[in-house]
Amino acid sequence: MASTGTTGANVLLDSVMRWARLAPDAPAFSAASCQDATYAQLWGQACVIARGLDAHLAGRGPVLVLGRKTATTVASFLACLMSGHAYVPVDVSLPARRVHDIAGQIEGAACLAACELPEELAPMILEPGYLDARQLLVDAEERGLKAAPLPRERWVSGEETQYIIFTSGTTGRPKGIEVTAANVARFSEWLREFPQVREGGRVFLDQAHYSFDLSEFELVGALVTGGCLHAVDEGECSDFCALFDDLSRSGVQVWVSTPSFADLCLVDKSFDQRLLPNLRLFLFCGETLHHTTAAKLRERFPQAVVANTYGPTESTVAVTYCQIGEKELADPTPLPVGRPRRGTELRIVNHQTGEPVPAGQTGEIVIVGDTVARGYWQDPQKTQAAFFESQMGDGTPARAYRTGDLGRIDEDGLLRCEGRLDSLVKLNGFRIELGEVEGALEALPQVQQAVVVPATKDGRVRSLCAFVVLAAGGEKGEKPGVPGEKPGSPRDALALSRELKAELARSLPAYMVPRQVRVLERMPLNANGKADRRSLAASVSR
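Read on for a plain summary of the structure. (Residues numbered from 1 in each chain as written. Predicted model: local features only at pLDDT ≥ 70, side-chain atom pairs only at ≥ 80, totals over all residues. Heavy atoms only, no water.)

**Notes on the overall build of the chain**
The number of helices and strands found in the chain is 17 helices and 26 strands. The C-alpha radius of gyration of the chain comes to 24 Å, within 12% of the 24 Å expected for a compact globule of 542 residues. If you line up the chain on its principal axes, its C-alpha atoms span 75 × 55 × 50 Å. Out of the 542 residues in the chain, the part that is buried amounts to 56%. A separation of at least 24 residues holds for 69% of the contacts in the chain among residues at least 6 apart in sequence. Within the structure as shown, the chain displays about 23,400 Å² of accessible surface, and the carbon and sulfur contribution to it stands at 50%. For the chain, the distance from the average site of its 57 positive side-chain charges to the average site of its 67 negative ones is 3 Å. (Helix = DSSP H or I, 4+ residues; strand = E, 2+ residues; numbered from the N terminus. Rg over C-alpha atoms; globule rule 2.2 N^0.38 Å. Buried < 20%, exposed > 50% of the residue type's maximum accessible area, 1.4 Å probe, protein only. Contact = heavy atoms within 4.5 Å. Areas by Shrake-Rupley, 256 points an atom, 1.4 Å probe, with all protein chains shown as cover. Lys, Arg positive; Asp, Glu negative; His and termini not counted. Charge placed at Lys NZ, Arg CZ, Asp CG, Glu CD.)

**Quick notes on the packing of aromatic side chains**
One pair of aromatic rings is described through two measures. These are the centre distance and the angle between the planes. What the rule picks out here adds up to 21 aromatic pairs. The interplanar angle of 35 degrees and the centroid separation of 5.8 Å between the aromatic rings of Tyr87 and Tyr163 together place this pair among those described as tilted. Of this pair, Tyr87 sits in strand S4 (residues 87–91) while Tyr163 is found in strand S7 (residues 161–167), placing the two residues 76 residues apart along the sequence. For Tyr87, a relative accessible area of 0% corresponds to the buried category. In this structure Tyr163 comes out as buried when scored by relative accessible area, which is 0%. Consider the rings of Phe194 and Phe217, whose centres lie 6.3 Å apart with planes at 55 degrees: the pair is tilted. (Phe/Tyr/Trp six-rings, centres within 6.5 Å; stacked < 30°, edge-to-face > 60°.)

**A few points about the pairing of strand S10 (residues 228–231)**
In S10, alternate side chains face the same way, and those of Cys228 and His230 on one face and Leu229 and Ala231 on the other are all buried. Of the strand pairs in this sheet, strand S1 (residues 27–31) and S10 are connected by three bridges, and their pairing is parallel. In the strand pairing of S10, Ala31 is matched with Ala231. Judged from the four bridges that link them, strand S9 (residues 203–206) and S10 form a sheet pairing that is parallel. When the sheet's bridge partners are listed, Val203 is paired in S10 with Cys228. (Pairing = 2+ DSSP bridges.)

**Some details on the pattern of salt bridges**
For the structure shown, the criterion picks out 22 salt bridges. In this structure, the salt-bridge partner of Glu160 is Arg60, at a minimum N-O distance of 3.1 Å. Linking Glu160 in the loop between helix H6 (133–142) and S7 with Arg60 in the loop between helix H2 (39–56) and strand S3 (63–67), this pair joins segments that are 100 residues apart in sequence. In this structure, the salt-bridge partner of Arg416 is Asp410, at a minimum N-O distance of 3.0 Å. Comparing Arg416 with Asp410, the two get one shared label, buried. Through salt bridges with shared partners, one network takes in Asp331, Asp410 and Arg416. (Salt bridge = Lys/Arg side-chain N within 4 Å of Asp/Glu carboxyl O.)

**With respect to the pairing of strand S13 (residues 305–310)**
Regular strands place side chains that alternate from one sheet face to the opposite one. Taken across its six residues, S13 has five buried, putting it largely inside the fold. The pairing of strand S12 (residues 281–284) with S13 spans four bridges and is parallel. Counterpart to Phe282 in the pairing with S13 is Val306. Since S12 and S13 lie parallel, the crossover through helix H12 (residues 291–300) that links them has a hand, and here it is right-handed. (Right-handed = clockwise from strand over helix to strand, strands pointing away.)

**As for unusual backbone geometry**
At Gln196, a residue that is not glycine, the phi angle is positive and equals roughly 70 degrees. Inspection of the secondary structure assignment puts Gln196 in the loop between helix H7 (181–191) and S9. The residue Asn428 is not glycine, and still its phi comes out positive at about 55 degrees. Mapped onto the fold, Asn428 is located in the loop between strand S22 (424–427) and strand S23 (430–433).

**Focus on the sheet that holds strand S26 (residues 516–520)**
The strand order across the open sheet formed by three strands is S24-S25-S26, and the pairing between neighbours is mixed. Two strands lie at the open edges of the sheet, namely strand S24 (447–457) and S26, each paired on one side alone. Across the sheet, the axes of successive neighbouring strands diverge by a mean angle of 25 degrees, strand direction being ignored. Bridge count for strand S25 (residues 460–470) against S26 is five bridges, and the pairing is parallel. Counterpart to Cys465 in the pairing with S26 is Gln516. Relative to the sheet, helix H17 (residues 533–540) contacts S24, S25 and S26, its axis offset from that of S24 by approximately 55 degrees. (Axes fitted to C-alpha atoms, helices over the stretch in contact; angles between N-to-C directions.)

**Looking at the packing of helix H11 (residues 259–266) against H12**
With their axes 10 Å apart at the nearest point, H11 and H12 run at an angle of 55 degrees to one another. Relative to H12, the element H11 lies oblique. By crossing handedness, the relation of H11 to H12 is classed as left-handed. On H12, the residues that touch Pro259, Ala262, Asp263 and Leu266 of H11 are Thr293, Lys296, Leu297 and Arg300. (Parallel < 35°, antiparallel > 145°, perpendicular 65-115°, else oblique. Left-handed = near helix turned anticlockwise from the far one by under 90°.)

**Focus on H11**
Among the eight residues in H11, six count as buried, and that is most of the element. Listed as buried for H11 are Pro259, Ser260, Phe261, Ala262, Cys265 and Leu266. Buried residues along H11 sit against S9, helix H9 (234–237), helix H10 (240–248), strand S11 (254–257), S12 and H12.

**Brief notes about helix H1 (residues 11–22)**
Taking 1.5 Å of rise per residue, the 12 residues of H1 would be expected to cover 16 Å, and the 16 Å separating its terminal C-alpha atoms lies within 8% of that figure. Burial in H1 covers these residues: Val11, Leu12, Leu13, Ser15, Val16, Met17, Trp19 and Ala20. In this structure, the buried residues of H1 make contact with H2, helix H3 (71–82), S7, H7 and helix H8 (215–223). Sitting at the head of H1, Asn10 places a side-chain oxygen 3.1 Å from the backbone nitrogen of Leu12. (Expected span 1.5 Å × (residues − 1). Polar contact = N/O pair within 3.5 Å; in protein donor to acceptor, adjacent residues only side chain to side chain.)

So this is what it looks like as structure tokens:
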């Protein structure tokens, strides 16, 4: 990460420092499950942790931050930036193998723990590069120390990497996307123009875990505008009585989530303006927003704006914005995702030739602009395949990214998304490479071959379904079962399905484990001799 200047400008650090001085007692973080924090407290924690990092770490390499939804986790992100390190957010709820895969891709990376480590993570983390953020804070308090911020020239700035988000990868390993400080600064300029957000001091729902880049919407949106993050953890999200009780006291004004999370809440008729009387803006990203979801929200929250956005992690969270009103809902075609932000241009091209397609036609979406990320962490081959140098319409040099998404620009200049070119799907807002799940299945000794397909209904990906052909004798290397041989009784098949899902859960996050695992005598093939994914997908999406 080469520095591009000595000014030390970083929009997130500058903003939190400013609010800590102007409004020290203003709330910066709140949650039902952990301690709240004011701006003064959040900044003070960040300074202490940054001093600890500075004392123990050399260089400016990335730091893994393991944490949950707590103020200490947020302070740890700020501390990394203050001490010159990109942060790699890793939620401790991820499987140990997943954490190991991420850590293994950042050679010599330090680990900053912002919470107690789960038992299964401790053996792989407790080593020379390990620091406990909570202990640093305790030590400082016992010694009566109030740390000053590190000099601004130490801060992550410009084209230095601000964070690395690891997402699902086609090779069976997660891939890291490097987003720069300049990317975040430009994203924040746009975000501050949004309704409600521009007023400042708003309470943001902080629901997406920090390993998911949707969380940057609320992290940046709240902290650069003097707002407050109201965090809800995984436990609350699985207990809607507790969640709704918390929300009723939260004062949330800006709701950020995937549409799927809103759908879950809408099942309960009490999810309306009476529960959240101050809510004025719904911000959606990460997956398709459907008419039914938007219409129900407009009906139950008549005072709130429902906004749709689009953008992959590789372009810093989102690059388009569109308010959904009566006109958009009256159109039966998929809802638009909006127009691009200033500093971004969208191009619709033939994915094979890269040439522009005629206006209004469908092609691959290419994003060109100043929030396109640096590329994939230490993977020049993948970076070259997806990123390239280009220029804006006015000749300004800019990076460009081939999204692999299909879409078109309609007559009103709005982007309409129409699916994927490859096997990457989005489920509940999470990006999943089907090949990664297949690879994890085929690594199991019981499985000879695996194909994973999305189960869809009404145009939405509802779950994943895996089809497997067993290895004869249950072990690799033996002859596969004879075609036509029955895989066993329904009870045996159910037990095997549970066994395989349990084994997958040891290496994959819960959202990547297929809901169904079906055993086949042999895999159906198409005319090209490849697994017939279309017929398999059709069998689970009827």
